[in-house]
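One letter stands for each residue in the lines below.
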Amino acid sequence: MKDRRLLRINVNILIITAVLALVTLPAKSENFGTLGVLIGGGLSFAYFLLLSTTITRAFAGIGEEGLEPKAAGRLGLKLLLYTFGLALFTIIAILSKLCHPVAFLTGFSALLISIGFEALSYAAFGKPQSPPENPGA
């Protein structure tokens, strides 16, 4: 992965998941556990990592013509399989009582929090875009 922002989001997901898991340790509730938070955060990390590497590789080196239809179909199939895999694992984890749905969603929210932090960081500290210079004028 060449984009540092995507790498920071992935690292932040892990950090936020760890913080959320530490915060839920004292809860000692049978419905809301640290394991569910870790499963949700781990799954959000894996899903975002798969998506970001797949999209980065798919669009690396393409020109103005875009993706060819065959490559676009393969990309769509990969994304569909990733999404179905995430949904299947989520359903299995919740129905088998491995984790509580609220704990899972708390862990999975690390993805949204991490993206939000990166957006705020870019808005506050990002380099302003300068308009392209017109050498012919």
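Higher on the page you've got the structure.
What you see is a predicted model; the values in this text were computed from it and never measured. (Residues numbered from 1 in each chain as written. Predicted model: local features only at pLDDT ≥ 70, side-chain atom pairs only at ≥ 80, totals over all residues. Heavy atoms only, no water.)

Topic: the overall build of the protein chain
Thought 1: Along the backbone of the protein chain there are four helices and zero strands.
Thought 2: Counting helices and strands in the order they occur from the N terminus, the protein chain gives α-α-α-α.
Thought 3: Relative to its full complement of 137 residues, the protein chain shows a buried share of 25%.
Thought 4: Of the roughly 9,600 Å² of accessible surface on the protein chain, a fraction of 69% belongs to carbon and sulfur atoms. (Helix = DSSP H or I, 4+ residues; strand = E, 2+ residues; numbered from the N terminus. Buried < 20%, exposed > 50% of the residue type's maximum accessible area, 1.4 Å probe, protein only. Areas by Shrake-Rupley, 256 points an atom, 1.4 Å probe, with all protein chains shown as cover.)

As for the packing of aromatic side chains
Here a ring pair, both rings aromatic, is described through the centre-centre distance and the interplanar angle of the planes.
Thought 1: Within this structure, the stated rule accounts for one aromatic pair.
Thought 2: For the pair phenylalanine 104 and phenylalanine 108, a centre-to-centre distance of 5.9 Å together with 20° between the ring planes defines the contact as stacked. In this pair, phenylalanine 104 and phenylalanine 108 are both assigned in helix H4 (residues 101–125), four residues apart and thus about one turn of the helix distant.
Thought 3: Directly above the aromatic system of tyrosine 122 lies the positively charged group of arginine 5, at a separation of 5.6 Å from the ring centroid. (Phe/Tyr/Trp six-rings, centres within 6.5 Å; stacked < 30°, edge-to-face > 60°. Lys NZ or Arg CZ within 6 Å of the ring centre and 35° of its normal.)

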